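Structural overview for review
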Amino acid sequence: MTDCAVLGFASLGTPSVPVIPTKLQGHFTYAEVTFSDAPMYEGTVSTHGGLSISVTLDMETANPWLEVSEDLKSLRWTGTQRSLPDTRQRFTHWACALGSEGFTSGRHYWEVEVTGNRGWSLGVAAESVERKEWVRLRPETGFWTIERFDDQFYINSSPESRLPVGQIPGKVGVYLSYESGTVSFYNVDTKSHLHTFTGNRFTEKLYPFCGTWDKNNKWLRICSGSDWINNRGGALTSQ
């Protein structure tokens, strides 16, 4: 069975209010894409070399408006600012947190349960990303993420583009292949590929990234990789 626990982020004692994404701002532009346009990842990964990992959250990075569970596996937006040290590691604009363990090599897969949460962003982030000022969550700034905003899904790229998902995912798989320079996303419920960032040359430590601004205070839940990956003979593909 999948080891799945509720994902939460701790908050800081800082007067700044975190960024709540809005798709009504005039400077956002969207390019419509179809599923067939989404980059595909074809590759074979070892099912015995630590592919599925157990991710915990680093409370030192969590925005003060987020709550992190005691087991460091769950995250939710609270709308209430907590009083925590404003360290250099902590995000104070984006409502997000990083995983406690970063990666400089290898292939790593984890899942996040997002059922009921209508405002989230998932993926990976570089260690050197800006944490105190507003930046766009794009590869150019060290973020490889997709997000949900109400009933729409987006690829955070340049330009930002809509992501057709078909069935709304209740659980999203994230797969980092460091040497290949790829970050892939999967709808675990339908066992289908959502998007892959390709053509990257990673040179620094990368961390699991998770953010939420769901106003209904729904938790995100970080899980270990489920059996369907292993049941495919170790192959992660878009089929």
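None of the values given here were measured: they were computed from a predicted structure. (Residues numbered from 1 in each chain as written. Predicted model: local features only at pLDDT ≥ 70, side-chain atom pairs only at ≥ 80, totals over all residues. Heavy atoms only, no water.)

What follows covers the overall build of the protein. When its secondary structure is counted, the protein shows one helix and 16 strands. Long-range contacts, defined as pairs at least 24 residues apart, comprise 75% of the intrachain contacts of the protein with a sequence gap of at least 6. Carbon together with sulfur atoms contributes 49% to the accessible area of the protein, which is approximately 10200 Å² in total. (Helix = DSSP H or I, 4+ residues; strand = E, 2+ residues; numbered from the N terminus. Contact = heavy atoms within 4.5 Å. Areas by Shrake-Rupley, 256 points an atom, 1.4 Å probe, with all protein chains shown as cover.)

Turning to the packing of aromatic side chains, a few remarks are in order. Applying the stated criterion to the full structure yields six aromatic pairs. When the ring of Trp144 is compared with that of Phe202, the centres are 5.1 Å apart and the planes differ by 85°; the resulting orientation is edge-to-face. Of the two residues, Trp144 is situated in strand S8 (residues 143-149) and Phe202 in the loop between strand S13 (192-197) and strand S14 (206-212); the sequence distance between them amounts to 58 residues. Through a chain of ring-to-ring contacts, three or more aromatic side chains come together here, namely Trp144, Tyr178 and Phe202. (Phe/Tyr/Trp six-rings, centres within 6.5 Å; stacked < 30°, edge-to-face > 60°.)

This next bit is on the environment of Ser128. In this fold, Ser128 is placed in the loop between strand S7 (119-126) and S8. Counting along the chain gives 14 residues from Ser128 to Gly142, while the straight-line C-alpha distance between them is 7.5 Å.

It is worth spelling out the pattern of salt bridges at this point. Evaluated as defined, the whole model comprises seven salt bridges. In this structure, Glu67 engages Arg82 in a salt bridge whose closest nitrogen and oxygen atoms are separated by 3.6 Å. With Glu67 in strand S3 (residues 66-68) and Arg82 in the loop between strand S4 (74-77) and strand S5 (96-98), this residue pair connects regions lying 15 residues apart in the sequence. Glu113 is the salt-bridge partner of Arg221, the closest N and O atoms lying 3.3 Å from each other. You can see Arg221 sitting in strand S15 (residues 220-224) and its partner Glu113 sitting in strand S6 (residues 107-113), a full 108 residues away along the chain. By relative accessible area, Arg221 is classed as partly exposed at 26%. (Salt bridge = Lys/Arg side-chain N within 4 Å of Asp/Glu carboxyl O. Buried < 20%, exposed > 50% of the residue type's maximum accessible area, 1.4 Å probe, protein only.)

Before going further, it helps to examine the sheet that holds S7. Spatial strand order, S5-S14-S7-S8-S9-S10: six strands in an open sheet with antiparallel pairing. Where the open sheet ends on each side, the last strands, each with one partner, are S5 and strand S10 (161-162). As defined by bridge partners, S5 adjoins S14 across three bridges and the pair is classed as antiparallel. Pairing of Leu98 across the sheet is with Phe209, part of S14. (Pairing = 2+ DSSP bridges.)

Per-residue pLDDT for the protein has a mean of 80; in total, 73% of the residues score no lower than 70. Below pLDDT 50 for its whole length, residues 23-49 participates in 63 contacts with residues either more than four positions away or in separate chains. (pLDDT = per-residue confidence, 0-100.)

Enumeration over the complete set of coordinates arrives at zero disulfides. Considering cysteine sulfurs only, Cys210 is the nearest to Cys96, which forms no disulfide, with 8.9 Å between them. (Disulfide = S-S within 2.5 Å.)

Here we take up the pairing of S8. Of all seven residues in S8, seven are buried, a share of seventy percent or more. Every second residue of S8 is oriented toward a common face, with Phe143, Thr145, Glu147 and Phe149 on one face and Trp144, Ile146 and Arg148 on the other, all of them buried. Summarising the sheet, S7 and S8 pair through seven bridges and their orientation is antiparallel. Each bridged residue has a counterpart across the sheet, and for Ser121 the counterpart in S8 is Glu147. In this sheet, strand S9 (residues 152-155) lies alongside S8 in antiparallel orientation, the contact comprising four bridges. When the sheet's bridge partners are listed, Phe149 is paired in S9 with Gln152. Following S8, the chain reverses through two residues before pairing antiparallel with S9; Asp150 in that reversal takes a positive phi of roughly 55°.

Looking now at unusual backbone geometry. The omega angle of the peptide bond from Ser158 to Pro159 is -5°, so this bond is cis rather than trans. With respect to the element layout, Pro159 can be found in the loop between S9 and S10. Here Leu72, not a glycine, exhibits a phi torsion of approximately 65°, which is positive. Tracing the backbone through its elements, the reader meets Leu72 in the loop between S3 and S4. Accessibility expressed as a relative area gives 24% for Leu72, which makes it partly exposed. Even without a glycine there, the phi angle at Asn217 is positive, about 60°. Structurally, Asn217 is set in the loop between S14 and S15. Note on Asn217: relative accessible area 29%, which makes it partly exposed.

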